[in-house]
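Listed below are the residues making up each chain.
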Amino acid sequence: MINLFTPLKIKNIDLKNRVVLPPLVRFSMVGKDGYVTEELLEWYKDVAEGETGLIIVEASCVSEDGKLRDNQIGIWDDSFIEGLSKIAEIGKKYNVPMLIQIHHAGFKDEIATVSEKVLDDILQKFVDAFKRAKKAGFDGIEIHGAHTYLLSQLNSRLWNTREDKYGGTFEKRMFFTKELVEKTKELFCDDFILGYRMGGNEPTLEDGIEIAKYLEKIGVDLIHVSSGVPDPEKKQLEKVDVPEEFQLDWVVYMGVEIKKHVKIPVIGVRNIKTEEQASYLIENDMLDLVAVGRAMIARPNWVQHAKKDYFRRTGIKVN
């Protein structure tokens, strides 16, 4: 029976368990210049040492004017490769695969008015950033397509009302992503993973399912389901309808539902804090991987504690 500590293989990349560190942006550990710091390296070392199955390094920005906040790591210039490669080396040392998330904050609900040339330029910056990520030695890339940032804005039928190559139909709203995948396909092999963090509500779960199926079709290897541009009619905390019997977060529920429609692995995220919650999702084949965020900040060796909790709960010892 598959449990939280069962290994998983994605292409040729071996994960020792099903626990993921999601891309938590550690603002307090980065300066305004965007370079990797010793404090940031120490953070990733602690998590890797703690036996996490997969680390997704925090959002690295493709453009200095596309940051979500001043103190965010950069990947918009070759000078960032040296520091980023030190993070990637930590993964190699502790045998923990590492992806790096590539990001641009975008233009929020003004995305429909941005010129085509500006988007063309940003697309090229993403392509260049992908090349730098591979040069730095990561095991793959996660495209940030969630949280109302650039790709989420483009994917959103609420905000993207453009009538050019970047919007109009569903396929045109996905044009940026498709072009990005096609322009960088020579980078991806059995030893390099392409992941995508997507909004499960873009604005509805049905939209999220359609996006996930499309991502699988164009060659994405791994989907990480989070939140997107919400339906403004949904005033409550939960932005999609969740059955009463589902006891975990509504964003986790979207991941569970999306997994039913794709064959590639799916990561679920948000408010997964305990071993029992994580194990429930994996053992019932609801998700392939679970992301543990805030609980990992409190306890970078979360996996080691989870093994003890699992033994106490089940009497089964895991290595």
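Notes on the structure follow.

Conventions and cut-offs
Residues numbered from 1 in each chain as written. Predicted model: local features only at pLDDT ≥ 70, side-chain atom pairs only at ≥ 80, totals over all residues. Heavy atoms only, no water. Axes fitted to C-alpha atoms, helices over the stretch in contact; angles between N-to-C directions. Helix = DSSP H or I, 4+ residues; strand = E, 2+ residues; numbered from the N terminus. Parallel < 35°, antiparallel > 145°, perpendicular 65-115°, else oblique. Left-handed = near helix turned anticlockwise from the far one by under 90°. Contact = heavy atoms within 4.5 Å. Nonpolar A, V, L, I, M, F, W, Y, C, P; charged D, E, K, R; others polar. Polar contact = N/O pair within 3.5 Å; in protein donor to acceptor, adjacent residues only side chain to side chain. Pairing = 2+ DSSP bridges. Core = buried A, V, L, I, M, F, W, Y, C linked by side-chain atoms within 4.5 Å. Buried < 20%, exposed > 50% of the residue type's maximum accessible area, 1.4 Å probe, protein only.

1. Quick word on the packing of helix H7 (residues 205-217) against helix H8 (residues 250-259)
Direction vectors running N to C along H7 and H8 enclose 50°, while the axes themselves pass 10 Å from each other. Looking at the two axes, H7 sits oblique to H8. For the element pair H7 and H8, the recorded crossing hand is right-handed. Across the interface between the two elements, Leu205, Gly208, Ile209 and Ala212 of H7 pack against Tyr253, Met254, Glu257 and Ile258 of H8. Residue composition of the contact of H7 with H8, by class: six nonpolar, one polar and one charged.

2. Focus on the environment of Asp164
As for its placement among the helices and strands, Asp164 is situated in the loop between helix H4 (150-155) and helix H5 (170-173). Remark: the alpha-carbon pair of Asp164 and Ser85, spanning 79 residues in sequence, is separated by 38 Å. Sequence-distant contacts of Asp164, defined by excluding residues within four places in its chain, comprise Glu116 and Lys172. One polar contact links Asp164 to Arg162, side chain to side chain, over a distance of 2.7 Å. In this structure the side chain of Asp164 is engaged in a polar contact, spanning 3.0 Å, whose partner is the backbone nitrogen of Tyr166.

3. Some thoughts on the sheet that holds strand E7 (residues 193-199)
The strand order around the closed barrel built from eight strands is E3-E4-E5-E6-E7-E8-E9-E10, with neighbouring strands paired in parallel fashion. For this sheet, the mean angle separating the axes of adjacent strands, direction not counted, is 25°. Taken together, the six bridges between strand E6 (residues 140-145) and E7 define a ladder with parallel strand orientation. Bridge assignment links Gly145 to a residue of E7, and that residue is Met198. On the sheet, helix H1 (residues 38-49) packs against strand E3 (19-21), strand E4 (54-61) and strand E5 (98-103) and is oriented at approximately 160° with respect to E4. Sheet strands touched by H7: E7 and strand E8 (222-226). Its angle to E7, the strand with the most contacts, is close to 170°.

4. A word on the nonpolar core
Formed by 113 residues in total, the largest nonpolar core has its most connected members in Tyr44, Ile102, Phe126, Phe130, Phe176 and Trp302. Not counting residues up to four positions away in its chain, the partners in contact with Phe176 are Leu119, Ile122, Leu123, Phe126, Leu150, Leu151, Leu154 and Tyr166.

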